[in-house]
Amino acid sequence: ITGSGAGSKVTATLPSGESIEVLLYGATVISWKSNGGKTENLWLSEKAAVDGSKAVRGGIPVVFPVFGPPPKSGHPTSSLPQHGFARSSRWEFLGKSTSEDALDSSSVKLDFGLYTSGISEDAKKAWPLDFGLVYSVTLSKDSLQTVINVRNEGEQSFEFQFLLHTYFKIKDITKTSVKGLLGVEYIDKVLNASSHQESNSAIAITGEVDRVYKSIPQDTTTIVEADSPRFDVVRDNLSDTVVWNPWIEKAKGMGDFSPDDGYKNMICVEVGAVNGWQKLEKGEVFEGGQTIKSLL
Ligand code: TA6
């Protein structure tokens, strides 16, 4: 661990040079370098707060227990902030483990925990349920795996949503497309949450895009750059994926989004369980996550 207080971060580097940096704040991965450490795969705004003062604009924010603006009223998450409290809470670092596989390519796993005792009084008041999160970040030579384990530590059942708000770094949004969503139903939040079916095998981004793809049959979504696959995003026990790019106006409108034309160099492909709610009975556990492969 380096740094102190809310700005603390954990870094890990493989013998072959690949590396990750994770803030204790939000257990937010803010850097993942592959290719021997030469290629940064995550986009981070130049004005992203990395001192724990607010949710990080970039990297992989952890969204829990609600995605987007919570239900207006009458729901346990109604008075939580947009995207819940996990990404703006200080997590505990639980430890690091390394492993050598048969091909002696090593990997390193960092574990982080967030419990009822670790969230703000406001959050506890808003969502008075006993829970435990363990978030595992595993770096291998060409992939990054991030998995959440949600446990109901209380007496009563609760329901939640979960999403990994990954900001991928790309060279040029006008030469980027997303594959693997053909035929999938999606909610278009730019067209007042209307429902559509995806008719493109490769989705181009030519303006603001904010779509929730639901119940996706196959587990891999691919980000293609200049006609060659750049990232495979493989879902594990998560049925949905959000595709987001703020484009010009929305990028300008976010105070911590910099540079203004940074929308050209990022795309969010966010795996999650956000269509409806996951219910956990007392003592039950939910596990889900992603494996991202850098194909460069
Ligand atoms: O994941 C897409 C989205 O829900 C967009 O609607 C936009 O709000 C984005 O998340 C960023 O949200 P934030 O609260 O981080 O500004």
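Reference entry: report on the structure contained in this document. (Residues numbered from 1 in each chain as written. Predicted model: local features only at pLDDT ≥ 70, side-chain atom pairs only at ≥ 80, totals over all residues. Heavy atoms only, no water.)

1. Focus on the nonpolar core
Core analysis: the largest hydrophobic core is formed by 73 residues, its most contacted members being F64, W91, F112, Y135 and I267. Ranked by residues supplied to this core, first place goes to strand β20 (residues 266-280) with 7 residues. Residues within four places of W91 in sequence aside, it is in contact with L24, G26, A27, V62, A86, F112, G113, L114, L133, Y135 and I148. (Core = buried A, V, L, I, M, F, W, Y, C linked by side-chain atoms within 4.5 Å. Buried < 20%, exposed > 50% of the residue type's maximum accessible area, 1.4 Å probe, protein only. Helix = DSSP H or I, 4+ residues; strand = E, 2+ residues; numbered from the N terminus. Contact = heavy atoms within 4.5 Å.)

2. Observations regarding the sheet that holds strand β2 (residues 19-23)
Taken together, 4 strands build an open sheet; the order of strands is β1-β2-β3-β4 and the sheet is antiparallel. For this open sheet the edge positions go to β1 (9-13) and β4 (39-40), each flanked by a neighbour on one side alone. Pairing analysis gives 2 bridges linking strand β3 (residues 28-34) to β4, with the strands arranged antiparallel. Directly across from K33, in β4, lies its bridge partner E40. (Pairing = 2+ DSSP bridges.)

3. Here we look at the pattern of salt bridges
When the charged atoms of two side chains lie near each other, side chains of opposite charge can form a pair. Taken as a whole and judged by the stated rule, the model has 14 salt bridges. With a closest N to O distance of 3.4 Å, K141 and E18 form a salt bridge. Remark: E18 occurs in the loop between β1 and β2 and K141 occurs in the loop between β8 (131-139) and β9 (143-152); sequence separation between them is 123 residues. K141 sits in the partly exposed class, given a relative accessible area of 39%. A salt bridge links D188 to R211; the nearest nitrogen and oxygen atoms lie 3.9 Å apart. (Salt bridge = Lys/Arg side-chain N within 4 Å of Asp/Glu carboxyl O.)

4. A short note on the layout of surface pockets
Approximately 330 Å³ is the volume attributed to the largest pocket. For the largest pocket, the lining is made up of 21 residues, of which R57, Q82, H83, H165 and W244 are closest to its centre. Of the residues assigned to the lining of the largest pocket, the class counts are 8 nonpolar, 4 polar and 9 charged. Of the volumes computed, that of the second largest pocket is approximately 210 Å³. (1 Å grid on protein atoms, 1.4 Å probe; cavity = no way out; pocket = protein on both sides within 12 Å on 5 of 7 lines; lining within 4 Å. Points joined across faces, edges and corners; volume = space filled by probe spheres on them. Nonpolar A, V, L, I, M, F, W, Y, C, P; charged D, E, K, R; others polar.)

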